[in-house]
Amino acid sequence: MADNRVTFGSKLGVILATVGCAVGLGSVWRFPYMLGTNGGAAFLLVYILFTIFLGLPVMLTEFFVGRHSRSNTVGSFRKLAPGTCWSWIGYNGILAAFLILSYYAVVSGWTLEYVWQTLRGSLYGPGHADYTAGFQTFASDAFRPIFWTAAFVGLTHFVVVSGVDKGIERASKIMMPLLFIILLVMCVRSVTLPDAGEGLRYLFQPDLSKLTSSVVLSALGQAFFTLSLGMGCLITYASYFSKDTDMQATAWQVTVINTFVAVLAGIMIFPAVFSFGITPSAGAELVFITLPNVFEQLPLSFLWSLIFYILLAMAALTSTISLHEVVTAYALEEFHMTRRKAAWIVSVSVFLLGTVSSLSFGPLKEFTIGGLTFFEALDYLTAKIMLPLSGMMTCIFVGTHIDRAVLKAELTNEGSVRFRLFAIYVFFMKYVAPVAIGIVFLNELGLLAWLIG
Ligand code: PFF
């Protein structure tokens, strides 16, 4: 991909590829899991505010960096500020992409297990196990989840090496809308379950007393994770945008679609959670233990379940491909190796690290870092620290090093599209985003109270 800076073929291609990178397990799996462990609707509120007021400006800024420099994540900062330390933002992003890929592949592997179980008929057959117990037996197994992680890394590796992403891009033109339709059907089924109202209140009626510093930090992390910000993915993608890609419109579209999918996922999950008496704060397994209950309530449950998990696996695949590509493109350009070799090194290391994450649901459960399992600790480090930090530094960099006129020319395609809110964007990018992210960090560390007090 990065060898000879090709550009995306069509307008739709740009949006689909970027949406494909953004929409994935982050909205369907991580969002409900985070909302459930962070007090419900108050989390949703802060997440949406962060998405609009921080996510959007940061996304536009990353688009600027990518298309203006036409280079990979590290190269772009080097090109825009030669001989300075700013390229560390790029290194931070690449490391984050690598670490995220390692545990993202584990969860992606779970989707394959559910495809398999649906196919075998063991998920819904008569006398099936309780879904929670079933998941726990699977996830705590020492081999099965690792096998699926390997399968998923293998699939990703194959696409990255053979460059069949064109096929994937075409396939996702059908799959993404289909996933959307199934989400809608599931939402309808979920909100018509007994006691669904309780779930909807949990999702939409904020209790502001729940807003602790950790909830706010989690919402910030979720906004960055789900929009694929702070890890160079969008910088890399934007470097393939053509000169007349409307980056403002693309940023809006990606943000709106992504947020919409997350909210739909919430409507699909929480009424069912309350209806079936599941604990909202069940953690990473929430979606996997809730959904089979909903499928069971649909006619042709087997078919819905099968299609849904295949589509979810595909949505995850478009994300793992972009994460893998960020690291591979960097490795091959930087160390002058072949694409195949770079991809192998990335895949094998990702798999090895993924194994530890996977085992942290079973044999390594007791091994904790600051009270978090290895899987949770990686997620915390990347989503809540590395990504916002990268976003903050990117804004500071562009705010201090890039001439306003250059910024405006790039974001308006040399004046051919209008940018009425340019001054507001600059204000948010230059001041609000870095200050807000800084405050959230200080607050979580308890330093804010200390400074003020
Ligand atoms: N945004 C993706 C999701 O929500 O599932 C995760 C992701 C994909 C993050 C690709 C970063 C990235 F480069």
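The structure this text deals with has already been given above.
Residues numbered from 1 in each chain as written. Predicted model: local features only at pLDDT ≥ 70, side-chain atom pairs only at ≥ 80, totals over all residues. Heavy atoms only, no water.

**Some details on the nonpolar core**
Residues W110, F308 and L407 are the most contacted members of the largest nonpolar core, which totals 150 residues. Considering every element that reaches this core, the biggest residue donor is helix α5 (residues 87–120), with 17 residues. Beyond its immediate sequence surroundings of up to four residues, F308 is in contact with V28, L179, I182, L183, M268, L291 and F295. (Core = buried A, V, L, I, M, F, W, Y, C linked by side-chain atoms within 4.5 Å. Buried < 20%, exposed > 50% of the residue type's maximum accessible area, 1.4 Å probe, protein only. Helix = DSSP H or I, 4+ residues; strand = E, 2+ residues; numbered from the N terminus. Contact = heavy atoms within 4.5 Å.)

**Brief notes about the pattern of salt bridges**
The tally for this structure, following the rule as stated, stands at six salt bridges. We note a salt bridge from E113 to R144, for which the minimum N-O separation is 3.0 Å. Highlighted residues: E113 in helix α5 and R144 in helix α7 (residues 144–162), separated in sequence by 31 residues. Overall, R144 belongs to the partly exposed group, its relative accessible area being 31%. (Salt bridge = Lys/Arg side-chain N within 4 Å of Asp/Glu carboxyl O.)

**Notes on the site of the ligand**
Close to the ligand lie 15 residues; A22, G26, Y104, S228 and C233 are nearest. Here a nitrogen atom of the ligand and a backbone polar atom of F225 are 2.9 Å apart. Taken by itself the ligand offers 330 Å² of open surface, and the protein chains cover 100% of this. Using a 2 Å cut-off from the grid points, one finds that the ligand occupies the largest cavity. Put simply, the parts of the chain that give the shell around the ligand at least two residues each are α1 (11–22), α2 (25–37), α10 (213–226) and α14 (301–334). Tallied by class, residues from the shell around the ligand come to eight nonpolar, seven polar and no charged. (Near = heavy atom within 4 Å. Polar contact = N/O pair within 3.5 Å; in protein donor to acceptor, adjacent residues only side chain to side chain. Areas by Shrake-Rupley, 256 points an atom, 1.4 Å probe, with all protein chains shown as cover. 1 Å grid on protein atoms, 1.4 Å probe; cavity = no way out; pocket = protein on both sides within 12 Å on 5 of 7 lines; lining within 4 Å. Sits in = over half its atoms within 2 Å of the grid points. Nonpolar A, V, L, I, M, F, W, Y, C, P; charged D, E, K, R; others polar.)

**As for helix α13 (residues 286–296)**
Side chains that are three or four residues apart share a direction in an α-helix, a result of its 3.6 residues per turn. The buried count for α13 comes to 10 of 11 residues, which makes it a mostly enclosed element. Of all the positions in α13, only L286, V287, F288, I289, T290, L291, P292, N293, V294 and F295 are classed as buried.

**Observations concerning the side chain of T226**
With respect to the secondary-structure elements, T226 resides in helix α10. Here T226 falls in the buried class, since its relative accessible area comes to 1%. At 3.3 Å, the side chain of T226 forms a polar contact with the side chain of S27. Every residue in contact with T226, bar those within four places of it in the chain, is listed here: A22, G26, S27, Y47 and N258.

**Comments concerning a nonpolar patch on the surface**
Among the surface-exposed residues, W116, L119, L178, I181, L300, F302, L303 and I307 lie close enough to one another that they form a single nonpolar patch of about 730 Å² accessible area. Broken down by secondary-structure element, the contributors of at least two residues to the nonpolar patch are α5, α8 (165–191) and α14. At three residues, α14 tops the list of elements feeding residues into the nonpolar patch. Residue position: I307 is located in helix α14. Residue classification places I307 among the partly exposed positions, given a relative accessible area of 31%. (Patch = residues over 30% accessible without salt bridge, like charges linked within 9 Å, V, L, I, M, F, W, Y side chains within 5 Å.)

**Here we look at the side chain of T51**
Along the chain, T51 falls in helix α3 (residues 41–69). For T51, a relative accessible area of 2% corresponds to the buried category.

**Some thoughts on empty space enclosed by the protein**
Applying the stated criterion across every chain yields a total of three cavities of 30 Å³ or more. Lining of the largest cavity is provided by 14 residues; of these, C21, Y104, F225, S228 and L323 occupy positions nearest its centre. Broken down by element, the lining of the largest cavity gets its largest block of residues, three residues, from α14. Residue composition of the lining of the largest cavity, by class: eight nonpolar, six polar and no charged. Quantified by volume, the second largest cavity comes out at close to 50 Å³. If you trace the second largest cavity, you find it lined by S172, M175, M176, L179, L311, M314, A315 and T318. Only α8 and α14 provide two or more residues apiece to the lining of the second largest cavity. (Points joined across faces, edges and corners; volume = space filled by probe spheres on them.)

**Considering the packing of α3 against helix α17 (residues 404–411)**
For the pair α3 and α17, the least separation of the axes is 10 Å and the interaxial angle reads 90°. Taken together, the axes of α3 and α17 are roughly perpendicular relative to one another. For the pair α3 and α17, contact is made by L60, F64, R67 and H68 and by V406, L407, E410 and L411, respectively. Here the contact of α3 with α17 is built from residues that sort into five nonpolar, one polar and two charged. (Axes fitted to C-alpha atoms, helices over the stretch in contact; angles between N-to-C directions. Parallel < 35°, antiparallel > 145°, perpendicular 65-115°, else oblique.)

**Observations regarding the environment of S69**
Along the chain, the position of S69 falls in helix α3. When its relative accessible area of 3% is taken as the criterion, S69 is described as buried. With 169 residues separating them along the chain, S69 and A238 place their C-alpha atoms 9.4 Å apart. Once you skip the residues sitting within four places of it in the chain, S69 turns out to touch F64, S76, K79 and L80. Only 3.5 Å separates the side chain of S69 from the backbone oxygen of G66, close enough to count as a polar contact.

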